[in-house]
Amino acid sequence: MDNSQIPFFGEYTNHGVRHINEVLQTATSLITDEAWNKLTPEDAATLIVAILLHDLGMHITEEGFIGLLSSDQIMTDYDKSTWQQLWIDFLEEAKRFDEKKVYSLFGEEYSVKPPVENHKNWSLFDKMLIGEFLRRHHPRLAHEISHFGFPAPKGHESPLRFVGIPQYIAEFGGKIARSHGQELRDALEYINYEDRRDYKGIHAPYLMAIVRIADYMQVQRERASGQILQIKNLSSPLSRAEWRVHDSIDDIKTINEDPEAIKINAKPKDVTTFLKLKSLFKGIQYELDTSWAALGEIYGRYEELLPLGLSGLSIRRIRSNLDNLAQFEETVSYVPMEIKLKTANAELLNLLISPLYGKVPSIGLREMLQNAVDARRELVDHVKRAQIDITLVEPNGGNFDIEIKTYVDEESNRWLLIKDRGIGMTKEIIDQYFLNVGASFRNSDSWHKMHDSPDGSNSVYRSGRFGVGVLAAFLLGPEIRVKTRHISQRRDQALEFSLTNGDAYIELKKINADIGTEIAIKITDDLVWRQLLEVPLRNSELSSSGNDSWIWYFNNNPSVAWFSEEGVPYTIGQTAPDKTVPSERDSNPPLWRTINTKDYPKIHWTHHHRDGLIVNGFAVFSTNGYSISFPDYELPNHPSPSSQHFFAFKKPRLAIYDPLGRMPLNLQRSALTGSRLPFEQDLVQSIALNMIAHAIVNVPSYEEMVAFLESGTSKLIYPGVRYGRRYQRIDFSFHPFWISKSGFGFMDPAVIALSPLRLFIVVSRSAIRNILNVVGDDAMITPISRNYAFARNMSFVKYMLYGDLADAFSGPYAPVNSIRGILILVPGYVFHQLNKKGGMRREIKDQITTRRFNNGYIAIIRGSVTIEDEKLIEIVSHLNAEEEEIFAMSILNPIVQSDLRLSNFFNAYRSTMKALVIPHHKKDRMLLVSSTDLEAAVNLFESESGLVDLNGNTEELDEENEDSIESSES
């Protein structure tokens, strides 16, 4: 044993002759004087054999291991598998080791594979793998050595066997040696019941208890010198931890006031060693308790052996300076607690991350930023409730509540730092919530007690809700470092720790720090690093939607600053104020509207950004977005309502404040759990009222409206409306409005159907001013572009003649198709093309009449149309055949309103606008609205200086005008 190199356990603590002698000395000290009087020479011999054997298998050589696997030796009373089968099973298991297990054995990433056949080519990792196998089964090997001898090379007889001692002593010595790797009661089952108390002078149960406790108590420093550990680089973290355990033992002594106890004083230098010592001391106490109970059962009923059962062991209890945690904590620089990331294994951690977030590293930043913003809001709320001057708890320096920085350390490691001036974390919050996947402190009773009002409400608008932030951080990098100090802790009670995916335990070290939290994440991915460096620059160059995949936060308070490599801070509020959203304290901020509901005290919305959801300041990005129900209305004879809209409402951008966490978001925060907003009806009503307010402010004069139809420009275009599929640019073919001498309205079936006007006229844009002077007050006129292609003109004329306005206006522009008569004025060559074979349906040709004019125009009439000749001639005189200008007039049948089924929006709109003809701007600026609904609209959008619309236009209303508005009942 002295010459053994223990090739498979080179990094283990001492298991040589010295260890054998120390176990033997401890064993003899455990035997009381009363027990010594009952022991025999056979007991002494068996005890020596058992202690010699118990770790002897760890001295096996490479050739001996190969010989062991090739042998068929087996103790059939104990085992069913040969060594070869055990080795095969172990290799299969080893291939499935998770990252944490692999790292603890080998100290680095390693793909487990069987060692090569030639042992001379075995690597260090091969030997460490074999060592783990032998460690598991060395109690069995100790037993087999007592019977078969020490393992010899393949094909050789064992040169080491017991000689000169009785076989039964060797056999019982082997059984007792084996028992130190089993539960004591399990080991006793392999001894015949009648032989348990005394077999040829051997008291096996008693010796088993002595050996297992004596071996367990070999914790003295001499087994693993700290000086050796400082100069010897151990590969295995398991071995390093074992050496540190022994090196931390300072003293072992008996206690005068408790003679059946021993006291161990230890000085563990880190939390891992502390936890291992706690586990070791707990294990020794368990063995003492189990042994005392078993010995009492076996020997307690027999007078002659009573000392072995009732007073056979010299100690009953183990004490240590670790028992009083509060007292011990004052002597060390770390927190003596078992703290770890609470998932079953490293692979499970990765499995949790991938389905939740995919491979989107920016989500890791969002989760960390959410926690930082929440922490700042919690601090502000706490000092307000506790009536603490916030300047007394704020750290010195720093202009921002949250700072995000990138840096490279002295070892060229790249880091992302998120630093907040928030409320901080205690050791309990770290252990029970931050490192406990799925547990959110913000859902706990402690949190609500701190931040809830007596009525159950709170003013902390939380963003993080699911307790998965630490998971997402691993999307950014493999290592996380945290510094934190809770507002309730002294400066010297701040904590710091680091964690990786494979850490068994996490050590909380005590440091001095300001209130708040810093989280640094190691960045190993080059692409992620490049993207992080670019974020501060993109911060001031966001698209109009603001949907940058790395920029999640759009509030000014708490303030968040990205720092460039040069140390220049960038914030949304400073560099792109138009991209920010109003806070929970704002009411009707410029360009935004505000509604309040029971569950959501503040909901801001606007049409001045692309649609999107911002919840408590954080964007909810989604490919599907959300929907608002503006159901299609139905008109008679229109089987496909979806094609009838001329205009549709855009989804607004929403800034929602949700203190109770009721917004139905999915775990990824990428979408709603359903497609509908929980406050949809309130939002629809607000949009309707805002559109009316917009009209109140921007209603044009008659001249302005004519100019608008001619040029396509007007303040009246509401930013929240999408005017049909073809209305993408100002030079659209058809216009979103119609005009009459009495007012104007939308080119929409519902608006036209509810209008009292019955003439619907389409005319080229350049001729519209002249035509308006010719037609009467009962005509609605809308322009058509003179650049309309000839083929489209042809189709338009044909479908107008057919009475199918849906096709004539390309679907979404159709007003109604309940038409009494049609008159169309077209250049002669257009009519010639229509009159060619196949140009017009035969039944239509039979129904039309025509009239030719001197300037080349032809009037085509179908149905009941009457118009004075003079007026018709004047209309024709304003048309230019070379410009391909067209005039078309439809006489509409009135639609019974009971036949018109309106959407939610149009019901709201119609209830406010009793007549959907909006009069032109006059001195009194009167709209045809009911006083009740107008009052609601005015109250909602009135400011100190007048009415404010989405474009920020403000105009005064004098008292006389206000009175006229309020008195209007038409």
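That block above? That's the structure.
As a starting point, this report considers the structure included with it. This is a predicted model, so every value here is computed, not measured.

A separate point is the sheet that holds strand β11 (residues 560-563). With respect to topology, 9 strands assemble into an open sheet ordered β4-β9-β8-β7-β10-β6-β5-β11-β12, the strand pairing being mixed. The two strands at the open ends of the sheet, each matched to only one other strand, are β4 (334-335) and β12 (569-570). Sheet strands in contact with helix α18 (residues 427-434) are β4, β7 (479-485), β8 (494-500), β9 (508-511) and β10 (516-523), and its direction is about 25° off that of β8.

Attention now moves to the packing of aromatic side chains. Taken as a whole and judged by the stated rule, the model has 21 aromatic pairs. Here the aromatic rings of phenylalanine 8 and tryptophan 122 are separated by 6.2 Å at their centres, their planes lie at 45°, and the arrangement is tilted. With phenylalanine 8 in the segment before α1 (17-30) and tryptophan 122 in the loop between α6 (99-106) and α7 (124-148), this pair connects stretches of sequence that are 114 residues apart. When its relative accessible area of 5% is taken as the criterion, phenylalanine 8 is described as buried. With centroids separated by 5.3 Å and ring planes inclined at 85°, the aromatic side chains of phenylalanine 65 and tryptophan 87 adopt a geometry described as edge-to-face. Taken as a pair, phenylalanine 65 in helix α4 (residues 62-70) and tryptophan 87 in helix α5 (residues 83-94) lie far apart in primary sequence, 22 residues in all. The structure contains a cluster of three or more aromatic residues connected by ring pairs, namely Phe8, Phe65, Trp83, Trp87, Phe90, Phe97, Trp122 and Phe133. For the cation-ring pair, arginine 366 lies above tryptophan 552, with the distance from its terminal atom to the ring centre recorded as 5.0 Å. Sitting over the ring of phenylalanine 563, lysine 405 keeps its end group 4.8 Å from the ring centre.

This part covers the pairing of strand β23 (residues 779-784). Extensive coverage of β23 is indicated by the burial of 6 of its 6 residues. Where strand β22 (residues 759-764) lies against β23, 6 bridges are found, and the strand directions are parallel. Each residue of the ladder has a partner; that of phenylalanine 760, found in β23, is methionine 780. Since β22 and β23 lie parallel, the crossover through helix α26 (residues 768-774) that links them has a hand, and here it is right-handed.

On to the environment of alanine 504, then. Tracing the chain through its elements places alanine 504 in the loop between β8 and β9. Residues alanine 504 and threonine 272, spaced 232 residues apart in sequence, show a C-alpha to C-alpha distance of 8.4 Å. Other than its neighbours up to four places away in sequence, alanine 504 contacts Lys100 and Lys340.

On to the pattern of salt bridges, then. For the structure shown, the criterion picks out 34 salt bridges. The closest approach of N and O atoms between arginine 316 and glutamate 260, which form a salt bridge, is 3.2 Å. On the criterion of sequence distance, the pair formed by arginine 316 in the loop between α14 (306-310) and β3 (317-320) and glutamate 260 in strand β2 (residues 258-266) is long-range, its members being 56 residues apart. For arginine 316, a relative accessible area of 27% corresponds to the partly exposed category. The exposure class of glutamate 260 is partly exposed, given its relative accessible area of 30%. What you see here is one network of salt bridges that share partners, running through Glu93, Lys101, Glu132, Arg135 and Arg136.

Each value, and the rule that gives it
- Residues numbered from 1 in each chain as written.
- Predicted model: local features only at pLDDT ≥ 70, side-chain atom pairs only at ≥ 80, totals over all residues.
- Heavy atoms only, no water.
- Pairing = 2+ DSSP bridges.
- Helix = DSSP H or I, 4+ residues; strand = E, 2+ residues; numbered from the N terminus.
- Contact = heavy atoms within 4.5 Å.
- Axes fitted to C-alpha atoms, helices over the stretch in contact; angles between N-to-C directions.
- Phe/Tyr/Trp six-rings, centres within 6.5 Å; stacked < 30°, edge-to-face > 60°.
- Buried < 20%, exposed > 50% of the residue type's maximum accessible area, 1.4 Å probe, protein only.
- Lys NZ or Arg CZ within 6 Å of the ring centre and 35° of its normal.
- Right-handed = clockwise from strand over helix to strand, strands pointing away.
- Salt bridge = Lys/Arg side-chain N within 4 Å of Asp/Glu carboxyl O.

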